[in-house]
Amino acid sequence: MRILGIETSCDETGIAIYDDKQGIMAHRLYSQIAVHADYGGVVPELASRDHVRKTIPLIREVLAQANLTPQDLDGVAYTAGPGLVGALLVGCSIGRSLAYGWDLPAVPVHHMEGHLLAPMLEEDVPEFPFVALLVSGGHTMLVRVDGIGQYELLGESVDDAAGEAFDKTAKLLGLDYPGGPALAKMAEKGTKGRFKLPRPMTDRPGLDFSFSGLKTAAATTIRKEEMDEQTHADVAYAFQEAVVDTLAIKCKRALKQCELKRLVIAGGVSANTELREKLATITAKLGGQVYYPRPEFCTDNGAMIAYAGMQRLKSGVFADLSFKATPRWPLDTLPAI
Ligand code: KG4
Ligand code: ZN
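A short tour of the structure in this document, coming up. Here the residue index of a chain counts from 1 through its sequence in written order. Whichever chain is written first becomes A and whichever ligand is written first becomes 1, with later ones labelled in order. Totals for whole chains, interfaces and linings use every residue, but because this is a predicted model, local features are given only for residues with pLDDT of at least 70 and side-chain atom pairs only at 80 or more, for both listing and counting. Each side-chain value is derived from all of the structure's non-hydrogen atoms; neither hydrogens nor water enter the calculation.

Description of the overall build of the protein
A run of DSSP states H or I qualifies as a helix once it reaches four residues; a run of E qualifies as a strand once it reaches two. Both are numbered from the N-terminal end. When helices and strands are tallied, the protein shows 10 helices and 10 strands. Its C-alpha atoms give the protein a radius of gyration of 20 Å, within 12% of the compact-globule value 20 Å for 337 residues. With the principal axes as the frame, the protein shows a C-alpha extent of 60 × 45 × 30 Å. Throughout this description, buried means an accessible area under 20% of the type-specific maximum (1.4 Å probe, protein chains only), exposed means over 50%, and partly exposed covers the range between. Counting over 337 residues, the protein shows a buried share of 54%. The globule rule is 2.2 Å times the number of residues to the power 0.38, and the radius of gyration it is compared with is taken over C-alpha atoms.

The following block contains the structure:
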């Protein structure tokens, strides 16, 4: 079986074709970073308009790349939420219409389920059950995963998401949006131990996160110091170290609580090398392992939507003739397969 995946929930147009025997047959990504750069963040209306321009041409390109025609497909999957409503509506309406025109089932996909299942696209696939840390620009969640659609929310951020904190702190350090990867690069030249930032909410029990205070602590340091190039790098280092430590402490706690050893990390921030290394050390000590997607499948992409769509399609879940974008959509309300 083969499915087309369409992702337009935020500032990336991602299109892919997934085949349940051959895996990903083709995928393309168009990033709108340049469109939003001058504004220091995503402008929803501009995002929607750009998805309108890019989605159909990218679908054509992906079909050509895979040497397929629409008749070779068995379904069309699209991100139905959570995300920016206008951006979601573009992918939903195009996906639903193409499925109608091509006489195929249409499969609405939950964006975070896409992220969560992205490691399944790699060679070393995690077995259920596992604990998943989902860290993106909009979400920070710890989830116990017993199977597809069997998600128990263990903890989440009470304010900023981890990626959002990276982006806001990067902005304070004079870096362009989205600043996460640039801050990580800057931190490579940082000095360990010059600044120490808090590890929020690690001194009390529980698995929730809070990152807005950490960003404020970084801002206070930046205001107090003479900000030369080395000091920029030192603050970046301290910030990244604090986020990574905080996430690691909570992951360890979650694994203990669930009596599990397998940890999956996904979402944009899971591309962070320091985070991957830290979590590899922690899980190794527990006799377990950490699993993550290749970097291009950590951030938003069509491949994860095609994959998640395929699992839902196989279980008989598809949409009627209507379509609906769901900007807020709790992950733990999805039905189990
Ligand atoms: O999953 P994603 O592409 O979009 C959302 O669904 O939000 O995640 C984007 C987020 C941004 O905040 C970006 O700065 C962050 O992931 N990010 C990183 C890295 N790569 C992407 N943060 C830290 N280190 C990275 N290497
Ligand atoms: Zn995402």
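Some words on the site of ligand 1
We call a residue near a molecule or strand whenever a single non-hydrogen atom of that residue lies within 4 Å of it. Among the 18 residues in the neighbourhood of ligand 1, the closest are listed as G137, D167, G268, N272 and D300. We define a polar contact as two N or O atoms separated by no more than 3.5 Å, with the added condition that, inside protein, one atom must be a possible hydrogen donor and the other a possible acceptor, whereas residues neighbouring each other in sequence contribute only through side-chain atom pairs. Within the side chain of H115, one N or O atom sits 3.1 Å away from an oxygen atom of ligand 1. G138 has a polar backbone atom sitting 3.4 Å from an oxygen atom of ligand 1. Calculation of accessible area relied on Shrake-Rupley with a 1.4 Å probe; when residues are assessed, cover is drawn exclusively from the protein chains displayed. Protein coverage of the free-state accessible area of ligand 1, which is 560 Å², stands at 88%. Secondary structure elements with two or more residues in the shell around ligand 1: α4 (111-117), α5 (162-172) and α6 (180-187).

Details of the coordination of the zinc ion (ligand 2)
A 2.8 Å cut-off from the metal defines N, O and S donors, relaxed to 3.2 Å for Na, K and Ca; water is not in the atom list, so some sites may appear incomplete. Binding of the zinc ion (ligand 2) to the protein goes through H111 (NE2), H115 (NE2) and D300 (OD), at separations of 2.0 to 2.1 Å. Metal-centred angles of 95 to 141° between the 4 donor atoms at the zinc ion (ligand 2) mark the site as irregular. Within one chain, the residues serving as donors to the zinc ion (ligand 2) are arranged as H-x3-H-x184-D. Separated by 189 residues along the polypeptide, H111 in helix α4 and D300 in the loop between β10 (289-291) and α10 (302-314) bring together distant segments of the chain. Look at H111 and you get buried, because its relative accessible area is 6%. Take D300: its relative accessible area is 11%, and that puts it in the buried class. Angle rules define the geometry names used: all angles between 85 and 135 degrees makes four donors tetrahedral, while opposite donors over 155 degrees apart and all other angles between 65 and 115 make four donors square planar and six octahedral, leaving every other case irregular.

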